[in-house]
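Understanding the architecture of this molecule
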There are 2 protein chains.
Amino acid sequence: MTAAKHQVTRKTGRRTGGRAGIREVAAAAGVSITTVSDALNGKGRLPDATRRHVRSVAERLGYRPSAAARTLRTGKSGLIGLTVTTYGEEPFTFTEFAYFAEMARAATSAALARGYALVILPAASQHREFDVWSNVALDGTVVIDPSDHDPVVTELVRQGIPVVSDGRPGGSLPVTAWVDNDHEAAVTGLLDHLAAAGARRIGLLTGTSTDTYTRLSTTAYLNWCERAGQNPVYEAYPAHDPCAGAVAADRLLARPDRPDAVYGLFDPNGTDLLAAARRYGLRVPDDLLVVCCSESSVYATTEPPITTLSLKPGRIGTSVIQLLIDAIEGASGGRPPAPAPAAEAAHQVMPTELIVRTSSQPPRRPAASARATVTAPRTPPAIDQ
Amino acid sequence: MTAAKHQVTRKTGRRTGGRAGIREVAAAAGVSITTVSDALNGKGRLPDATRRHVRSVAERLGYRPSAAARTLRTGKSGLIGLTVTTYGEEPFTFTEFAYFAEMARAATSAALARGYALVILPAASQHREFDVWSNVALDGTVVIDPSDHDPVVTELVRQGIPVVSDGRPGGSLPVTAWVDNDHEAAVTGLLDHLAAAGARRIGLLTGTSTDTYTRLSTTAYLNWCERAGQNPVYEAYPAHDPCAGAVAADRLLARPDRPDAVYGLFDPNGTDLLAAARRYGLRVPDDLLVVCCSESSVYATTEPPITTLSLKPGRIGTSVIQLLIDAIEGASGGRPPAPAPAAEAAHQVMPTELIVRTSSQPPRRPAASARATVTAPRTPPAIDQ
DNA sequence: TTGAAAGCGCTAACAA
DNA sequence: TTGTTAGCGCTTTCAA
């Protein structure tokens, strides 16, 4: 009786937008809402007949479960935040466009395959945009290259939401896990490659910002120079400025101690250097060897084709998502994902790939090891837990 | 009494994860939960003192409102779906990478500025990935270049969720609104530019797929040829294949009726054509004029720099979001956004930009109108409906 | 095996 | 001006 009264009392008529709710389905199928829920979610121990019947009724009514209600009830939204650093008003920076795009693409696929979707969110900003962080229920978050004391990361972790970063976090940022390339090994291997190709003085085009990538790569360069007994020759420029790279490349080749090989840390540096070399009448690779870090395929068809270091952002994106979802599902599954000794987050170091092309192979002394592709040997995909 | 009993009876102790809920805040501030809600959302008519007090208590307790509960209650999630076409397993296609990235970047900014966040979702697929569509509460959706009878679009519209497409929808796809370039005017203007630069036979590198962009652009080319009394000279290739473009470019230049100018519809065609020209010993722009549709800045520094047609994806992304949010907020605001006469969706046509560089300016006869940038005159930003 | 009932945390209508 | 209450639509004990 109470039940019947309840059913009737309820304003069960129109739902939001007139769509069918679980109660309509239950009524139409002649079962309880519990049975509907179980049948649709594959739970409980219902006879197959009931399950099929409920499913067909639900389909006929065009029933779509409410994601909001499910999220409220279960505490899981199936949503993962993806934060991109904003420069000024815009997300992304020009110089890392291809990297971000590829990384995000792979992360999207990996998340989708495990039933999660990505929500694009801005890094902390002074605007009220910050509010969007509270307006969306996240099961976890991916942060790309977080700054040393990112307030968003700190806050999320404090709330118990797993955070995995692309890029080794600086400072003592309390991320759940991180994934990064072994930048030091990559730079070292690349410089060895240039030296083996005959370079005597290798220059560097680097950035003025203090992010981990720039810092580690530059340090690796300086260390290599010291070991090789070469004076460092480098120019730093604000990498977020789309024109500054060309100017810096020009400055580098204008120096009295002009390098005979240059490595550019950012994606457009290949064309920047090629243009600068042209202005100074330097032939590549005859007079100048050129390598840059890039994910762009245009360097396969430039004149000459340019050797690039690929950070394999696709692999990074995939790994980040796997680590994050493992943390999410492990955390809710009962056992803690890692008894992490306070200052030691789970992490994964991914290999880079040096794609050797004409620009780093001088014609006079053909390289003994003429492989088309050399994978940096020192950085196997290792999981340190 | 009833109230007091209720408060006590309730299992008010631990919340999910131990975080403070609205009730804890109310208790700590000595007010009711309604007051807390109103104070935090700027609603109601509370004295400023109360508002500040509640806010400070909430902050002290580290209170974060539950997005799921708010969504369930209000019916608005603040989430907008962004669908990317998937080719095989991967979202995005190589050839339109830069376009998508730039469009998504602008859309993200525009959405954030109005308090919405974007959720990346796959277009309909045979996988169970389709489920993610039901697992996230969307206020609206952006679809990029939908296929003629996209089941996702149809389903969303049936559910009353606004859908705005980037690209004029084919078939009778019932989108709420759409945004597109005037591809016909763009191609026509571009071909006029080449003809003015001295081209006598203009070739086309086009795609084999039947999407709107490829179809409209190719048709415009054929019409232009007919008007100009020129025989069409074109090669079509599967644009999603990253290598096929180079082959098609080669085929085009190998023809007996070799064109003296070529327009490539896809982003990598510039380097494809440059490489092919090199193989045939053709100088650009002396023997061959080259233009391609691209958003990539590398064409500013190739040798020679290549004239590109930009579709201005940033503007498109911004417009799409504005139209969508207008529809979302108009729809819930009471008055219908548009009494649309059935087959006439709101739409917006955006201008393209021809960025003229060396590759389309033959040295012998300097172009009379030597502007660096020519905006197609026929496509002002017009809002119909 | 199936169903009733209790909320998840919040907002908005209504009461006081 | 402030507080009480009724759900939003679902999942999940717990009882039948």
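Residues numbered from 1 in each chain as written. Chains lettered and ligands numbered in written order. Predicted model: local features only at pLDDT ≥ 70, side-chain atom pairs only at ≥ 80, totals over all residues. Heavy atoms only, no water.

Around DNA strand C there are 31 residues in total, and Thr34(A), Pro47(A), Ile22(B), Tyr63(B) and Arg73(B) lie nearest to it. Elements supplying a minimum of two residues to the surface near DNA strand C: helix H1 (2-9), helix H3 (33-41) and helix H5 (67-74) of chain A together with helix H2 (22-29), helix H3 (33-41) and helix H5 (67-74) of chain B. Tallied by class, residues from the surface near DNA strand C come to 10 nonpolar, 12 polar and nine charged. (Near = heavy atom within 4 Å. Helix = DSSP H or I, 4+ residues; strand = E, 2+ residues; numbered from the N terminus. Nonpolar A, V, L, I, M, F, W, Y, C, P; charged D, E, K, R; others polar.)

Turning our attention to the relation of the copies chain A and chain B. Superposition record for chain A on chain B: RMSD 0.1 Å, screw rotation 180 degrees, translation along axis 0.1 Å. Accordingly, the operation relating the two chain copies is best matched by a two-fold axis. Ranked by how close their C-alpha atoms come to the rotation axis, the residues of chain A are headed by Val119(A), at 2.2 Å. When you check the interface residues of chain A against chain B, 100% turn up at the interface there too, and the contact is symmetric in its surfaces. (Least-squares fit on C-alpha atoms with pLDDT ≥ 70 in both. Contact = heavy atoms within 4.5 Å.)

On to the packing of aromatic side chains. All names here are of chain A. Taken as a whole and judged by the stated rule, the model has seven aromatic pairs over all chains. A centroid spacing of 6.2 Å and a plane angle of 70 degrees characterise the contact between Tyr213 and Phe266, whose relative ring orientation is edge-to-face. With Tyr213 in helix H10 (residues 212-228) and Phe266 in the loop between strand E10 (261-264) and helix H12 (269-279), this residue pair connects regions lying 53 residues apart in the sequence. Taking relative accessible area as the criterion, Phe266 reaches 2% and is therefore assigned buried. Each member of the aromatic cluster is reached from another via a ring pair, and the members are Tyr213, Tyr237 and Phe266. (Phe/Tyr/Trp six-rings, centres within 6.5 Å; stacked < 30°, edge-to-face > 60°. Buried < 20%, exposed > 50% of the residue type's maximum accessible area, 1.4 Å probe, protein only.)

Counting 147 residues, the largest nonpolar core has Ile80(A), Tyr263(A), Ile321(A), Ile80(B), Tyr263(B) and Ile321(B) as its most contacted members. The residues touching Ile80(B), leaving out its near neighbours within four places in the chain, are Tyr116(B), Ala117(B), Leu118(B), Val119(B), Leu138(B), Gly140(B), Thr141(B), Val142(B), Ile321(B), Leu324(B), Ile325(B) and Ile328(B). One finds Val136(A), Leu156(A), Leu79(B) and Val132(B) within the second-largest nonpolar core, a separate group that totals 39 residues. (Core = buried A, V, L, I, M, F, W, Y, C linked by side-chain atoms within 4.5 Å.)

For DNA strand D, the set of nearby residues contains 32 residues, the closest of which are Ile22(A), Tyr63(A), Arg73(A), Thr34(B) and Pro47(B). Restricting the count to atoms of DNA strand D within 4 Å of the protein gives a sugar and phosphate share of 66%. In the model, a phosphate oxygen of DNA strand D is placed 3.2 Å from a nitrogen or oxygen of the Lys43(A) side chain. Side-chain polar atom of Arg70(A) to a phosphate oxygen of DNA strand D: 3.1 Å apart, as the coordinates give it. Elements supplying a minimum of two residues to the surface near DNA strand D: helix H2 (22-29), H3 and H5 of chain A together with helix H1 (2-9), H3 and H5 of chain B. The class makeup of the residues in the surface near DNA strand D is 10 nonpolar, 12 polar and 10 charged. (Polar contact = N/O pair within 3.5 Å; in protein donor to acceptor, adjacent residues only side chain to side chain.)

What follows concerns the domain arrangement of chain A. Taken domain by domain, chain A consists of domain 1 (22-65), domain 2 (79-180 + 317-331) and domain 3 (183-311 + 354-360). Using C-alpha coordinates to define each centre, domain 1 of chain A is positioned 62 Å away from domain 3 of chain A. (Domains from an automatic or database assignment.)

Every contact between the two is made by 50 residues of chain A and, on the other side, 50 residues of chain B. Counting across the chain A and chain B interface gives four salt bridges. Here Arg64(A) and Glu155(B) are joined by a salt bridge, their closest N and O atoms 3.9 Å apart. Applying the counting rule to chain A against chain B returns 10 residue pairs in polar contact (both at pLDDT 80 or more). For the side of chain A that touches chain B, the element with the most residues is helix H6 (residues 97-113) of chain A, which contributes nine residues. (Salt bridge = Lys/Arg side-chain N within 4 Å of Asp/Glu carboxyl O.)

Time to look at the pairing of strand E6 (residues 163-166) of chain B. Residue and element names in this part refer to chain B. Burial along E6 is two-sided: the residues Val163 and Ser165 and Val164 and Asp166 are all buried. Sheet analysis places strand E5 (residues 140-144) next to E6, joined by four bridges and oriented parallel. Across the sheet, residue Val142 finds its bridge partner in E6, namely Val164. Each parallel crossover has a hand, and the one from E5 via helix H8 (residues 151-158) to E6 is right-handed. Of the pairings in the sheet, the one linking E6 to strand E7 (residues 177-181) comprises three bridges and is parallel in character. By the bridge assignment for E7, Asp166 is matched with Val179. (Pairing = 2+ DSSP bridges. Right-handed = clockwise from strand over helix to strand, strands pointing away.)

Another point: the state of the cysteines. Residue and element names in this part refer to chain A. By the definition in use, this model includes zero disulfides over all chains. With no disulfide of its own, Cys225 has Cys293 as its nearest cysteine by sulfur position, at a separation of 17 Å. By relative accessible area, Cys225 is classed as buried at 0%. Unpaired in terms of disulfides, Cys243 finds its nearest cysteine sulfur in Cys292, a separation of 17 Å. (Disulfide = S-S within 2.5 Å.)

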